Amino acid sequence: MSKIQGYFKSKVYDKEVDLPIYKDITEYMRQEEKSIARKDQHRFIKPRILYWAYKNRYITNWDYSFYLSILSKGVNSVAELTYGQRFKFYEINSKVNSKL
């Protein structure tokens, strides 16, 4: 995972949580991630890219929190997710990939 720069408070389901802030991405990193997304659109997105998408309001704070929770659990493949989690995972990936 990327190095965390700090935290910010946000409400997720009327509960206040601390969500991590990651260093901003460069244009080169964005282009590189875009080419990776073309090859494998169902990969696990890096937290730094997720933060970029959240900061630019492409995904909600709930989406951001949900995806980070999946990454923190050490899930190795999408097959390990439940049906509902997998559906949300694909939805978030498509939102981020379309904005790269």
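Basis of the calculations
Residues numbered from 1 in each chain as written. Predicted model: local features only at pLDDT ≥ 70, side-chain atom pairs only at ≥ 80, totals over all residues. Heavy atoms only, no water. Salt bridge = Lys/Arg side-chain N within 4 Å of Asp/Glu carboxyl O. Helix = DSSP H or I, 4+ residues; strand = E, 2+ residues; numbered from the N terminus. Buried < 20%, exposed > 50% of the residue type's maximum accessible area, 1.4 Å probe, protein only. Polar contact = N/O pair within 3.5 Å; in protein donor to acceptor, adjacent residues only side chain to side chain. Contact = heavy atoms within 4.5 Å. Pairing = 2+ DSSP bridges. Phe/Tyr/Trp six-rings, centres within 6.5 Å; stacked < 30°, edge-to-face > 60°. pLDDT = per-residue confidence, 0-100. Core = buried A, V, L, I, M, F, W, Y, C linked by side-chain atoms within 4.5 Å.

1. Brief notes about the pattern of salt bridges
Side-chain pairs of opposite charge can arise where the charged atoms are in close proximity. Applying the stated rule across the entire model yields 9 salt bridges. We note a salt bridge from Glu-33 to Lys-46, for which the minimum N-O separation is 3.9 Å. Note that Glu-33 is positioned in helix 1 (residues 27-39) and Lys-46 in the loop between helix 1 and helix 2 (47-55), a separation of 13 residues in sequence. Exposure remark for Lys-46: the relative accessible area of 43% places this residue in the partly exposed category. The shortest N-O distance in the salt bridge between Lys-88 and Asp-63 comes to 3.1 Å.

2. Let's talk about the side chain of Arg-43
Mapping Arg-43 onto the fold places it in the loop between helix 1 and helix 2. Of note is the side chain of Arg-43, whose polar atom sits 3.0 Å from the side chain of Glu-33. Non-local contacts of Arg-43, meaning those with residues more than four positions away in its chain, are made with Glu-33, Ile-36, Ala-37, Tyr-67, Phe-89, Asn-93, Asn-97 and Leu-100.

3. Some details on the pairing of strand 1 (residues 4-12)
Looking at chain direction, strand 1 and strand 2 (residues 15-22) are connected through 8 bridges and run antiparallel. Pairing of Lys-9 across the sheet is with Asp-18, part of strand 2. The loop that links strand 1 with its antiparallel partner strand 2 comprises 2 residues; one of these, Tyr-13, has a positive phi angle of about 55°.

4. Focus on the packing of aromatic side chains
Throughout the structure, instances matching the rule amount to 10 aromatic pairs. With centroids separated by 5.4 Å and ring planes inclined at 20°, the aromatic side chains of Phe-8 and Tyr-54 adopt a geometry described as stacked. Residue Phe-8 is located in strand 1, and its partner Tyr-54 is located in helix 2; the two are separated by 46 residues in the primary sequence. Their ring planes at 15° and their centres at 5.1 Å tell us that Tyr-54 and Tyr-64 sit as a pair that is stacked. Separated by 10 residues along the polypeptide, Tyr-54 in helix 2 and Tyr-64 in helix 3 (residues 61-72) bring together distant segments of the chain. You can call Tyr-64 buried: its relative accessible area is 0%. Through successive ring pairs, a cluster of aromatic residues spans Phe-8, Tyr-51, Tyr-54 and Tyr-64.

5. Brief notes about unusual backbone geometry
Even without being glycine, Arg-57 reaches a positive phi, approximately 60°. Among the secondary structure elements, Arg-57 is positioned in the loop between helix 2 and helix 3. Judged by relative accessible area, which is 74%, Arg-57 ranks as exposed.

6. Some details on the confidence of the model for the protein
Averaged over all residues, the pLDDT of the protein is 89; the fraction at 70 or higher stands at 98%. Across the protein, element-level confidence peaks in helix 4 (residues 83-99) with a mean pLDDT of 95 and bottoms out in strand 1 with 81.

7. Here's the deal with the nonpolar core
One finds Leu-50, Ile-59, Tyr-64, Tyr-67, Ile-92 and Val-96 to be the most contacted residues of the largest nonpolar core, which totals 27 residues. Broken down by secondary-structure element, the contributors of at least two residues to this core are strand 1, strand 2, helix 2, helix 3 and helix 4. The dominant element in this core, judged by the number of residues it contributes, is helix 3, at 6 residues. Excluding residues within four positions of it along the chain, Val-96 makes contact with Ile-45, Ile-49, Leu-50, Ala-53 and Ile-59.

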